[in-house]
Amino acid sequence: MKKNLITFGSVVALLGALLFSIVPTDPAIAKEQNPTLAADSPLVALVTNRGTITLKLDAVRAPNSVKNFLDYVNKGHYNNTLFHRVIAGFMVQGGGFSPDFEKRATAAAINNEADNGLKNLPGSIAMARTGAPHSATAQFFINTANNRFLNHTNKSQRGWGYTVFGKVVDGIEVVAQIEQTPTGASGPFHKDAPLKAVIIESATVISQ
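For every chain, the first residue of the written sequence is number 1, and numbering continues from 1 onward in sequence order. Side-chain atom pairs in this predicted model are given and counted only at pLDDT of 80 or more, local residue features only at pLDDT of at least 70, and totals for whole chains, interfaces and linings cover all residues. Calculated side-chain values reflect all of the structure's heavy atoms, with hydrogen atoms and water omitted.

*Asks:* Break down the packing of aromatic side chains for me, with residues and values.
*Replies:* Any two rings among Phe, Tyr and Trp, with Trp reduced to its six-membered ring, count as a pair given centres within 6.5 Å; such a pair is stacked if its planes are under 30 degrees apart, edge-to-face if over 60, and tilted if neither. What the rule picks out here adds up to 10 aromatic pairs. On the basis of an interplanar angle of 35° and a centroid distance of 5.1 Å, the ring pair of phenylalanine 69 and tyrosine 78 is categorised as tilted. Measuring from ring centre to ring centre gives 6.0 Å for phenylalanine 141 and tyrosine 162, while their planes differ by 70°; the resulting arrangement is edge-to-face. With a gap of 21 residues between them, phenylalanine 141 in strand β6 (residues 140-143) and tyrosine 162 in the loop between β6 and β7 (164-170) connect regions that are remote in the sequence. Under the scheme applied here, a residue whose accessible area is under 20% of the maximum for its type counts as buried, over 50% as exposed, and between as partly exposed, the area being computed with a 1.4 Å probe on protein chains only. Residue class for tyrosine 162 comes out partly exposed when judged on its relative accessible area of 22%. Members of the aromatic cluster, each reached through a chain of ring pairs, are Phe69, Tyr72, Tyr78, Phe83, Phe140 and Phe165. Note on geometry: a ring has a charge over it if NZ (lysine) or CZ (arginine) is within 6 Å of the ring centre and within 35 degrees of the ring normal. If you follow lysine 75 out to its NZ or CZ, it ends over the ring of tyrosine 72, 4.7 Å from the centre. Of note, arginine 129 hangs over the ring of tyrosine 162, and the distance from its end group to the ring centre comes to 4.0 Å. Secondary structure elements are defined from DSSP: runs of H or I of at least 4 residues count as helices, runs of E of at least 2 residues count as strands, and each element is numbered from the N terminus.

This is how it looks when you write it as structure tokens:
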């Protein structure tokens with residue numbers, strides 16, 4: 001009679017098969033089993049007439065800014081808006097104007113969260129604002145350089161900085177293409193406006 005021998009290799013193979021069977025490969029299943037992962041790092045796709053930019057937001061370190069941005073996305077605010085201000089070696093800014101330069105209505109301004117430790121590094125997305133620290137509404141910009149001077153240093157009007165709330169995780173080449181578009185006077189802007197419209201055709205939450 002032959003004895004049934006269990007070899008070390010067969011044990012490893014069996015354990016591997018069992019492990020594979022319990023690890024979800026479907027992203028939807030993974031999100032369901034790890035809901036905080038999606039909630040903490042929602043993804044947003046900006047479909048532009050130059051290509052798609054995918055953003056990963058940081059709801060842990062910039063909760064109010066992320067909620068504000070997602071509210072505008074879900075309301076369709078960013079659909080058919082411009083990247084209206086582009087400065088090579090600095091940033092590209094959008095989210096406030098229609099292609100005919102009509103200014104979009106916004107909700108109330110939000111509190112500045114620039115003291116969250118996130119930096120204005122290349123590829124990061126931050127809230128645009130006026131000279132007042134707590135004046136950000138819907139407009140945002142994507143940094144194309146290490147803009148240290150925009151970082152938080154202290155809680156004075158000059159030192160508050162600009163809130164980073166996420167980063168580009170796909171489509172950075174699209175941002176680079178937008179950054180290099182010729183600019184000048186257009187609409188109400190005397191400079192830095194793309195001479196050929198750069199349009200955000202849609203903004204959609206693809207993971208939340």
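*Asks:* Got a sec to walk through the sheet that holds strand β5 (residues 124-127)? Specific residues and values, please.
*Replies:* If you trace the 8 strands once around the closed barrel, you get β1-β2-β7-β5-β6-β4-β3-β10, paired in antiparallel fashion. Between one strand and the next, the sheet's axes are offset by a mean angle of 35°, whatever the strand orientation. Each pair of strands is called paired provided DSSP finds at least two bridges between the two strands. By the bridge criterion, 4 bridges tie strand β3 (residues 81-87) to strand β4 (residues 91-94) in an arrangement that is antiparallel. Paired with valine 86 across the two strands is valine 92, which belongs to β4. Sheet contacts for helix α4 (residues 63-74): β1 (43-48), β2 (51-57), β5, β6, β7 and β10 (199-207); angle to β10, the most-contacted strand, approximately 115°. Residue contacts are counted whenever heavy atoms from the two residues lie within 4.5 Å of one another. Under this scheme, a helix contributes an axis fitted over its contacting stretch, all axes are lines through C-alpha atoms, and angles between N-to-C directions fall in the 0 to 180 degree range. Sheet strands in contact with helix α5 (residues 172-179) are β1, β2, β3, β4, β6 and β7, and its direction is about 115° off that of β2.

*Asks:* Give a description of the layout of surface pockets that names residues and reports values.
*Replies:* A volume near 260 Å³ is recorded for the largest pocket. Of the two site types, the cavity is a set of points on a 1 Å grid over the protein atoms alone where a 1.4 Å probe fits but cannot get out, and the pocket is an open set with protein on both sides within 12 Å along at least five of seven lines, each lined by residues with an atom within 4 Å of a point. Asp58, Arg61, Leu118, Gly166 and Lys167 are the residues nearest the centre of the largest pocket, which is lined by 16 residues in total. Among the elements of the structure, β2 and β7 are those that each provide at least two residues to the lining of the largest pocket. Sort the elements by how many residues they give to the lining of the largest pocket and β7 lands first, with 3 residues. Grid points are joined across faces, edges and corners, and a volume is the space filled by probe spheres set on the points.

*Asks:* Go over the nonpolar core with me, naming the residues and quoting the values.
*Replies:* Throughout, nonpolar core names a set of buried Ala, Val, Leu, Ile, Met, Phe, Trp, Tyr and Cys residues whose side chains join them through atoms within 4.5 Å. With 30 residues, the main nonpolar core has Ile53, Leu55, Phe69, Phe83 and Ile142 as its most contacted residues. Top element by residues in this core is α4. It accounts for 5 residues. With residues up to four places along the chain from it excluded, the contact list for isoleucine 142 reads Ile53, Leu55, Phe83, Phe90, Met91, Val92, Gly123, Ser124, Ile125, Val168 and Val175. Membership of the second largest hydrophobic core comes to 8 residues, among which are Leu118, Phe141, Leu150 and Val164.

*Asks:* Account for the pairing of β3, naming residues and giving values.
*Replies:* Taken across its 7 residues, β3 has 5 buried, putting it largely inside the fold. Judged from the 2 bridges that link them, β3 and β10 form a sheet pairing that is antiparallel. Bridged to threonine 81 within β10 is isoleucine 200. Linking β3 back to β4 in an antiparallel pair, the connection comprises 3 residues, with glycine 89 at a positive phi of about 80°.

*Asks:* Go over the environment of proline 188 with me, naming the residues and quoting the values.
*Replies:* By secondary structure assignment, the location of proline 188 is in the loop between β8 (183-186) and β9 (189-194). Accessibility expressed as a relative area gives 48% for proline 188, which makes it partly exposed. Separated by 87 residues in the primary sequence, proline 188 and phenylalanine 101 have C-alpha atoms spaced 7.4 Å apart.

*Asks:* Talk me through the pattern of salt bridges; I want residue IDs and the actual numbers.
*Replies:* Criterion for a salt bridge: a side-chain nitrogen of Lys or Arg within 4 Å of a carboxyl oxygen of Asp or Glu. Applying the stated criterion across every chain yields a total of 3 salt bridges. As a salt-bridge pair, aspartate 58 and arginine 61 come within 3.0 Å of each other at their nearest N and O atoms. Given the relative accessible area of 43%, arginine 61 is considered partly exposed. We note a salt bridge from aspartate 71 to lysine 67, for which the minimum N-O separation is 3.0 Å. A residue pair is termed a helical-turn pair when its members lie 3 or 4 positions apart in one helix, as aspartate 71 and lysine 67 do in helix α4 at 4 residues.

Shape is all these values report; function is a separate question.
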